[in-house]
Amino acid sequence: MRVQEPLPKPAPWPYKTKRYTMLHRILDRTSSRLDDNSKLIVVEGPVAAGKSKFAQELADELEMMYFPEANLDMLYTNEYGYDLKQLDPQLPESCRSFDVNNFLMNPKHRSTALFQLKQYAVKYSQYLDALAHILSTGQGVILDRCVYSDFIFLEAMYSRGYISRGARTLYYEIRKNSIEELLKPHLIIYLDVPINKILENVQKRKISYEKDSPVLTSDYLVVMEKYYKQHYLKEMSRSTELLVYDWSNEGEVEIIVEDIERIDFDVRDEQNPKFMDWRYPRDEFFAFLRNKYSDQKNFLMTYLNVPRFDVPEVLVDAEDGKLAQEIYDSAPGNAYAPGFNTSMGDPAYFLKLSAPFRHTLPLIERRAH
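### Describing the pattern of salt bridges
Piece 1. Counted according to the given criterion, the structure contains 25 salt bridges.
Piece 2. Here arginine 168 makes a salt bridge to glutamate 155, at a shortest N to O gap of 2.9 Å. Note that arginine 168 is positioned in helix 7 (residues 165-178) and glutamate 155 in helix 6 (residues 151-159), a separation of 13 residues in sequence.
Piece 3. By relative accessible area, which is 5% here, glutamate 155 ends up buried.
Piece 4. One salt bridge connects arginine 238 with glutamate 235, and the closest N-O pair in it is separated by 2.8 Å.
Piece 5. Linked through salt bridges whose partners overlap, the residues forming this network are Asp28, Arg33 and Arg290.

Quick look at the structure:
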């Protein structure tokens, strides 16, 4: 996958700002951008396994784009870099931010269910960005966890009574309504760490909301491990290549790169389900997918809108919601659509020829709290 002398291919398409239209489908062939590097690789593993460090190093080795683990700071940061969490003191309690640090310290909070639904949403959004990046540029992507494994956290929460049965069924309705729109990754790398070592690593990291958390117990981690190994990895291995490593004491990235390079990603047997999502006979199919993930992202995000009024913990009072929206609209950069806020340095309106057509998540690591 490491190409010493890359073959020439078209310059990366600016999918974040430029539409890929029907005319472009004819003039700019997607398949001409794709090569051995155009792969989607997901790094999975338990808490405090060292996934982020490994994923970054692997991306550097393979010359791929690293996407940090999807987190709610990506949602709470607007296009101008303003942290919307700063507005919390002004917001009704039901509308304030509730992130992983809040959950780990107060898992039975009313906002826990909504937090998990937002976690799915941000991972889904990031996965769409990863697919758009690969198809528009040809560069592979390394993801730190992904939307496909998000249900593991839901099941761990449910097992400990942190979310209700109604919230769990709503989550799976949303997942069923949206997950089939995606292409499965080419490869999953699972970093396996024993539970006693995980707990040791959590203490060593000295992140207060982790080491003092009532959530990160042996019982909780056992459930996570069960759903990783007996459900997620088992199911995904039918269509995705799987590599598993004992990461108790970490390992050498170079050795894993060699293992990756030995994988035959060019499977042509129609009866073999491996990489089935990525096998298309004509460029027109790739062009359709490229348009879908780059231009139609905002529409695909509406698949997450599943109305359920029988799960009270995910509902917000109308007056609270109205007040929260007014406060958000008053934040720097939120008065108008991105690109139209002259107070933030954007050019005058009459110089703008088009409005933004997609929201691309910022590639930011979770902030320390």
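Having seen the structure, we can now continue with the description.
### Quick look at the environment of glutamate 258
Piece 1. Within the fold, glutamate 258 resides in helix 11 (residues 253-261).
Piece 2. With 59 residues separating them in the primary sequence, glutamate 258 and leucine 199 have C-alpha atoms 31 Å apart.

### Some details on the packing of helix 5 (residues 112-137) against helix 12 (residues 283-294)
Piece 1. Interaxial distance between helix 5 and helix 12 falls to 8 Å at its minimum, and their mutual angle equals 135°. The orientation of helix 5 relative to helix 12 falls into the category oblique. Crossing of helix 5 against helix 12: the hand is left-handed. Every residue of helix 12 that contacts helix 5 at Leu128, Leu131, Ala132, Leu135 and Ser136 is listed here: Phe286, Leu289, Arg290, Tyr293 and Ser294.
Piece 2. Looking at the contact of helix 5 with helix 12 residue by residue, the class counts come to 7 nonpolar, 2 polar and 1 charged.

### Here's the deal with the side chain of lysine 85
Piece 1. Relative to the elements of secondary structure, lysine 85 occurs in the loop between helix 3 (73-76) and helix 4 (100-105).
Piece 2. For lysine 85, a relative accessible area of 13% gives the class buried.
Piece 3. Of the polar contacts made by the side chain of lysine 85, one reaches the side chain of aspartate 99; its length is 2.9 Å.

What counts and what doesn't
- Residues numbered from 1 in each chain as written.
- Predicted model: local features only at pLDDT ≥ 70, side-chain atom pairs only at ≥ 80, totals over all residues.
- Heavy atoms only, no water.
- Salt bridge = Lys/Arg side-chain N within 4 Å of Asp/Glu carboxyl O.
- Helix = DSSP H or I, 4+ residues; strand = E, 2+ residues; numbered from the N terminus.
- Buried < 20%, exposed > 50% of the residue type's maximum accessible area, 1.4 Å probe, protein only.
- Axes fitted to C-alpha atoms, helices over the stretch in contact; angles between N-to-C directions.
- Parallel < 35°, antiparallel > 145°, perpendicular 65-115°, else oblique.
- Left-handed = near helix turned anticlockwise from the far one by under 90°.
- Contact = heavy atoms within 4.5 Å.
- Nonpolar A, V, L, I, M, F, W, Y, C, P; charged D, E, K, R; others polar.
- Polar contact = N/O pair within 3.5 Å; in protein donor to acceptor, adjacent residues only side chain to side chain.

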